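# A structural walkthrough
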Amino acid sequence: MAEDTSSHKMVTTNHRRSRTKFTEDQLKILINTFNQKPYPGYATKQKLALEINTEESRIQIWFQNRRARQRFQKRPEPETLDSSQIHGDQPGVEFQSREARRCRTAYSTSQLHTLIKAFAKNPYPGIDSREELAKEIGVPESRVQIWFQNRRSRLFLQRKREPVASLEQEEQNKIPEGPQ
DNA sequence: CATCTAACCTATTCAAGGC
DNA sequence: GCCTTGAATAGGTTAGATG
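Residues numbered from 1 in each chain as written. Chains lettered and ligands numbered in written order. Predicted model: local features only at pLDDT ≥ 70, side-chain atom pairs only at ≥ 80, totals over all residues. Heavy atoms only, no water.

## Things to note about the pattern of salt bridges
This is how it is decided: Salt bridge, as applied in this entry: a Lys or Arg side-chain nitrogen positioned within 4 Å of an Asp or Glu carboxyl oxygen. By definition, any uninterrupted DSSP run of H or I lasting at least four residues is a helix, any uninterrupted run of E lasting at least two residues is a strand, and each is numbered from the N terminus. Each residue is placed in one exposure class: buried if its accessible area under a 1.4 Å probe, protein chains only, is under 20% of its type's maximum, exposed if it is over 50%, and partly exposed if it falls in between.
In total, this model carries 5 salt bridges according to the counting rule given. One salt bridge connects Glu-141 with Arg-130, and the closest N-O pair in it is separated by 2.6 Å. A residue pair is termed long-range when its members are at least 10 positions apart, and Glu-141 in helix H6 (residues 141–161) and Arg-130 in helix H5 (residues 127–137) qualify at 11 residues. You'll find Glu-141 and Arg-130 in the same group, each marked buried. When salt bridges with common partners are traced through the structure, they connect Arg-17, Glu-55, Arg-130 and Glu-141 into a single cluster.

Here it is as structure tokens:
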């Protein structure tokens, strides 16, 4: 909703999603949750999303960034680090392991076909393309983004192992495509 | 322009589900 | 049991907002 209908910049893809501006209240809740649980599971993130009226994927990104920032800041200790109680979980906090992650998405053959086809055209789709794709195959946009990330990573991996053969692979992956 | 940080990336690891 | 692959992680980069 509240679409600003295409200024004059052409809708053509490849822009990133517009930057989210969290309110003070939202940040308060996020930070508070982070201090208690820097690694929230899916259920917690969903609940947070509902509570502060934001997408779950934005919350996931926020926690990622927050952890990175905290790691970076927390580094005033160039001291020899041994002889401490390393890798012991605090006694008292019985390991309730980590919270459950999101359920694995099971893509159908036709969904995969659509994704692969899109990947061949553009392995780095912007927010508009991702959303369109998501709508087309009926999954959240965040799943589409993750799928592309995994796909790219594994393509790189494959290229490292098989420096030459991957080119043929690419040719094969091209699916004859009508104009849209 | 400097700083901050959301968005995004690769590389790697965890783990669900199929064979 | 192993393999494929979606989900999560660490760690780094890009870019939008703001002083």
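What follows picks up the thread again.
## As for the UniProt feature "domain: Homeobox" (unreviewed entry) in chain A
Filter applied, for reference: UniProt positions are given in the numbering used here, feature names are shortened, and annotations may be inferred rather than shown by experiment.
In this numbering, the UniProt entry assigns the feature "domain: Homeobox" (unreviewed entry) to residues 13–73 and 98–158. As annotated, residues 98–158 comprises 69% helix and 0% strand, and the C-alpha atoms at either end are separated by 31 Å.

## Description of the protein's contact with DNA strand B
Test applied: Throughout, near means a residue has at least one heavy atom within 4 Å of the molecule or strand. Pairing of N or O atoms within 3.5 Å defines a polar contact, subject to two protein rules: one partner must be a possible hydrogen donor and the other a possible acceptor, and residues neighboring in sequence count only if both atoms are side-chain atoms. Three classes are used, and their members are as follows: Ala, Val, Leu, Ile, Met, Phe, Trp, Tyr, Cys and Pro are nonpolar, Asp, Glu, Lys and Arg are charged, and the others, Gly among them, are polar.
The environment of DNA strand B is made up of 21 residues, and the closest members are Arg-17, Thr-20, Arg-58, Tyr-124 and Arg-152. Each atom of DNA strand B within 4 Å of the protein belongs either to a base or to sugar and phosphate, the latter forming 65%. The side chain of Arg-16 places a nitrogen or oxygen atom 3.2 Å from a base nitrogen of DNA strand B. Contributing elements (two or more residues each) for the surface near DNA strand B: helix H3 (56–73) and H6. No other element matches H6, which puts 7 residues into the surface near DNA strand B. Looking at the surface near DNA strand B, its residues break down into 4 nonpolar, 6 polar and 11 charged.

## Thoughts on unusual backbone geometry
The residue Asn-53 is not glycine, and still its phi comes out positive at about 55 degrees. Turning to its location among the elements, Asn-53 is positioned in the loop between helix H2 (42–52) and H3.

## Here's the deal with the environment of Ser-18
As for its position among the elements, Ser-18 is in the segment before helix H1 (24–36). Overall, Ser-18 belongs to the exposed group, its relative accessible area being 60%.

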